[in-house]
Amino acid sequence: MHKLGDLDAFDLRILAALQENGRLTNQELGERVGLSASQCSRRRTSLEAAGLIRGYRADLAAERVGFRLLVFVQVTLATHSGDNAEKFRKLVARLDEVQEAYATSGDTDYLLKIVVPDLKDLSVLNEILLPHESVARVRSSIVLDRLKETAWLPLRSLLQSAAR
């Protein structure tokens, strides 16, 4: 079973290559990292089984598909109880517009990343989120420009450490 300390330079290079292109065959992967296709296959399977590779998917261009509005929403709960937090978690889980949700420290309890086609579709805030019994306050910020957007992990620093 892989753990962070168990990752060697080959594992990190495999992860970096797959992060760049998850459609690589084991043959292509082997050529990139300097291993045979069968070695890459075994390592990839092991990395998947250990949960280091969570899955493979197409990276869709939200704006080109029609989701032009990206909004970050700060949510403060009405009360800070386990029951209320669970109600809120269930609410968030069923809202497809919420791409990401984080429990945070500071002035607000949660930060949500919401994507919708346009401003009128942002009514999810007024119709569902704001009146929910678990929610006290909602503050939203509409993204005007995306300076950087990535799901990539900065594996380069781990590769440099593994090389030492």
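Residues numbered from 1 in each chain as written. Predicted model: local features only at pLDDT ≥ 70, side-chain atom pairs only at ≥ 80, totals over all residues. Heavy atoms only, no water.

Draft legend 1. Quick peek at the pairing of strand β2 (residues 98–103). Pairing of β2 with strand β3 (residues 110–116) involves five bridges; the strand directions are antiparallel. When the bridges of β3 are listed, valine 98 appears paired with isoleucine 114. Linkage of β2 to β3, two consecutive antiparallel strands, is achieved through a turn of six residues, within which glycine 106 is found at a positive phi near 105°. (Pairing = 2+ DSSP bridges. Helix = DSSP H or I, 4+ residues; strand = E, 2+ residues; numbered from the N terminus.)

Draft legend 2. Local environment of helix α2 (residues 26–33). Those residues of α2 not exposed but buried are Leu29, Gly30 and Val33. Viewed end-on, α2 has its buried residues packed into an arc of 100°, placing them on one side of the element. The elements touched by buried residues of α2 are α1 (9–20) and α3 (37–49). Positioned one or two residues after α2, glycine 34 has a phi angle of 85°, which is positive. (Buried < 20%, exposed > 50% of the residue type's maximum accessible area, 1.4 Å probe, protein only. Arc of directions from axis to C-beta. Contact = heavy atoms within 4.5 Å.)

Draft legend 3. How the structure looks around the packing of α2 against α3. Two numbers describe how α2 lies on α3: the axes approach to 8 Å, and their chain directions differ by 100°. Considering the angle they form, α2 stands roughly perpendicular to α3. The segment α2 lies against α3, with Asn26, Gln27, Leu29, Gly30 and Val33 engaging Ala37, Cys40, Ser41 and Arg44. Across the contact of α2 with α3, the residue classes break down as four nonpolar, four polar and one charged. (Axes fitted to C-alpha atoms, helices over the stretch in contact; angles between N-to-C directions. Parallel < 35°, antiparallel > 145°, perpendicular 65-115°, else oblique. Nonpolar A, V, L, I, M, F, W, Y, C, P; charged D, E, K, R; others polar.)

Draft legend 4. Just α3, in detail. For α3, built from 13 residues, the straight-helix expectation of 18 Å at 1.5 Å per residue is met to within 8% by its first-to-last C-alpha distance of 18 Å. Every buried residue of α3 is listed here: Cys40, Arg44 and Leu47. Seen along its axis, α3 keeps its buried residues to an arc of 65°; they face one direction. Along α3, exposed side chains directed more than 90 degrees from the buried face belong to Arg42 and Ala49. Packed against the buried residues of α3 are α1 and α2. Backbone geometry just after α3 places glycine 51 at a positive phi near 85°. (Expected span 1.5 Å × (residues − 1).)

Draft legend 5. Seen up close, the nonpolar core. Core analysis: the biggest nonpolar cluster contains 20 residues, and Val73, Val75, Phe88, Leu112, Ile114, Leu122 and Leu129 have the highest contact counts within it. Listing elements by their share of this core, those giving two or more residues are β1 (69–77), α5 (82–94), β3 and α6 (124–129). Per-element tally for this core: the top contributor is β1, with five residues. Apart from residues no more than four positions distant in its own chain, leucine 122 is found in contact with Leu69, Val71, Ile114 and Val116. Among the nonpolar cores identified, the runner-up in size contains 14 residues, and Ile14, Leu29, Val33 and Leu47 belong to it. (Core = buried A, V, L, I, M, F, W, Y, C linked by side-chain atoms within 4.5 Å.)

Draft legend 6. A look at the environment of histidine 80. Secondary-structure assignment places histidine 80 in the loop between β1 and α5. It is 41 Å that separates the C-alpha atoms of histidine 80 and leucine 18, two residues lying 62 residues apart in sequence. There is a polar contact of 2.9 Å between the side chain of histidine 80 and the side chain of aspartate 109. (Polar contact = N/O pair within 3.5 Å; in protein donor to acceptor, adjacent residues only side chain to side chain.)

Draft legend 7. The side chain of serine 134, seen in detail. In this fold, serine 134 is placed in the loop between α6 and β4 (135–142). Take serine 134: its relative accessible area is 0%, and that puts it in the buried class. Engagement of the side chain of serine 134 in a polar contact is seen with the side chain of histidine 132, the distance being 2.7 Å. With residues near it in sequence (within four places) discarded, serine 134 still touches Leu77, Ala78, Asn84, Lys87 and Phe88.

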